[in-house]
Amino acid sequence: MKFKILYITLLAIISILMYYINFEFIYNYYSYVGPNKEFGDLDLLLRGIDHFRNGENPFLIQEKTPFNYPSTWSFFSLIDVINRDNLRFIGVFITFLTFLLLLFSLKFNFKNIWLYLLVFISPISILIFQRGNSDLIILNIILLFFLLFKNKIQILNFGIFICFALKLYPIAWFVINFANSLNKRNIYNLVFIGFMILSFLIFNFDEILQIKTNTPFSLDVLSYGAKILYLKYIFYSHKILLFFITFIILLFIGLHFYYSRYNLVLHNLENEIFLFIIGASTFCFTYLFTISWTYRLFYLILCFPFLLKQNIHFRFLLFSIMLVFYSQTFEIIFKGYSIADLINHILLLFIFTSLFYTLFYIIVKQFKIKCLNSPSLPSIITISKVLKKPSR
């Protein structure tokens with residue numbers, strides 16, 4: 001208890017100091033592109049919310065930086081205190097709230113606190129807090145639902161839908177959580193939430209296309225995605241050798257996780273598994289289908305509690321994630337050498353493949369456990385034994 005009180009006190013101080021000192025110093029040191037303005041992404045969001053409050057459509061207003069958030073954010077226009085005039089207060093509050101919710105969700109202790117501190121001072125973390133990006137709001141919403149309703153899957157699914165309505169990538173949370181928590185008791189809730197998500201996509205399809213058009217991306221700076229690796233190092237350069245090496249890496253990772261899948265520790269890790277699903281599915285979905293800014297890699301911190309409970313096979317995965325968090329540092333050290341960028345993308349490919357395989361085996365093992373323990377679900381194992389039973 002004393003540790004948590006001390007930590008919360010330090011967070012309050014750090015949250016304020018990060019704005020007044022560290023943000024601009026580290027921002028300039030790493031030479032981040034874009035407008036050099038604290039809470040720049042939050043400023044754009046609050047500007048749109050102010051337009052909604054005034055009865056205007058922010059998508060139709062010509063701005064230097066076009067509005068690229070779903071209109072569901074207009075709900076916040078009903079809260080008067082959420083406006084552009086309170087930008088600094090809201091930005092510092094979000095920073096503090098994020099640290100606070102992570103404290104109670106990730107269960108820091110004296111053995112692992114150093115690992116999380118390294119994450120918090122990494123360029124990736126500094127970028128997302130300096131920008132005041134809306135991903136922090138989405139993260140806070142799902143962590144709040146997790147802490148309050150961790151044993152109520154129906155309410156958790158509703159929280160996932162709220163996050164999806166504000167940002168589209170949480171659809172990956174629902175898909176993986178659907179497969180992981182599927183049983184007779186939850187099926188109606190899962191189908192209902194799925195119907196709501198499908199309806200949202202249909203009725204807001206034009207707006208989603210507009211958001212895609214208004215969202216900037218880069219193939220060279222502060223971004224990640226499978227498409228970047230393909231376009232920069234395989235398609236344009238026609239580097240067949242690199243493609244062959246990439247294939248060997250994927251094959252090696254696949255075989256490695258195939259033979260280590262039975263070593264996954266799942267018992268009494270329900271909370272860690274849920275956080276892992278949020279963090280891993282966010283990364284896998286955005287890596288495979290989008291070109292995202294690197295601040296979204298911050299979600300990988302949710303994978304740590306689960307990975308720290310696993311065997312030695314997963315330590316290299318943790319180490320790779322830490323290297324990616326400091327990729328901007330290595331690019332400065334090896335400035336002028338494209339090898340640093342290439343290594344970073346190969347590490348991202350390794351992380352994607354490892355997390356994808358792990359998610360798959362979690363779902364498979366959880367389903368087998370439910371089949372054995374629940375008479376209401378058909379047991380694949382039982383069926384296979386019946387089929388293999390020799391006839392007389």
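Quick look at the structure, then.

What counts and what doesn't
Residues numbered from 1 in each chain as written. Predicted model: local features only at pLDDT ≥ 70, side-chain atom pairs only at ≥ 80, totals over all residues. Heavy atoms only, no water. Core = buried A, V, L, I, M, F, W, Y, C linked by side-chain atoms within 4.5 Å. Buried < 20%, exposed > 50% of the residue type's maximum accessible area, 1.4 Å probe, protein only. Helix = DSSP H or I, 4+ residues; strand = E, 2+ residues; numbered from the N terminus. Contact = heavy atoms within 4.5 Å. Phe/Tyr/Trp six-rings, centres within 6.5 Å; stacked < 30°, edge-to-face > 60°. Patch = residues over 30% accessible without salt bridge, like charges linked within 9 Å, V, L, I, M, F, W, Y side chains within 5 Å. Areas by Shrake-Rupley, 256 points an atom, 1.4 Å probe, with all protein chains shown as cover. Salt bridge = Lys/Arg side-chain N within 4 Å of Asp/Glu carboxyl O.

**A closer look at the nonpolar core**
Then step 1. Ranked by internal contacts, the top residues of the largest apolar core, which has 104 residues, are Phe 283, Phe 298, Leu 302 and Leu 355.
Then step 2. Ranked by the residues each element gives to this core, the list is headed by helix H17 (residues 338-373), at 11 residues.
Then step 3. Excluding residues within four positions of it along the chain, Phe 298 makes contact with Thr 98, Leu 102, Val 119, Phe 120, Ile 124, Ser 125, Ile 128, Phe 129, Leu 136, Leu 139 and Phe 325.

**Observations concerning the environment of Leu 45**
Then step 1. Here Leu 45 lies in helix H2 (residues 40-53).
Then step 2. Take Leu 45: its relative accessible area is 2%, and that puts it in the buried class.
Then step 3. In this structure the C-alpha to C-alpha distance between Leu 45 and Phe 67, which are 22 residues apart in sequence, comes to 7.5 Å.
Then step 4. Discounting residues that sit within four places of it in the chain, Leu 45 has contacts with Phe 67, Tyr 69, Trp 73, Ser 134 and Ile 137.

**Remarks on the packing of aromatic side chains**
Then step 1. For the structure shown, the criterion picks out 27 aromatic pairs.
Then step 2. Pairing Phe 316 with Phe 350 gives two aromatic rings, centres 5.2 Å apart and planes at 65 degrees, and the pair type is edge-to-face. With Phe 316 in helix H15 (residues 315-325) and Phe 350 in helix H17, the pair connects residues that are 34 residues apart, well separated along the chain.
Then step 3. Assessed through its relative accessible area of 48%, Phe 316 is described here as partly exposed.
Then step 4. Phe 350 sits in the buried class, given a relative accessible area of 15%.

**So, a nonpolar patch on the surface**
Then step 1. Together, Phe 75, Leu 78, Ile 79 and Val 81 make up a nonpolar patch on the protein surface, roughly 410 Å² of accessible area in all.
Then step 2. Looking at where Val 81 falls in the secondary structure, it is placed in the loop between H2 and helix H3 (87-106).

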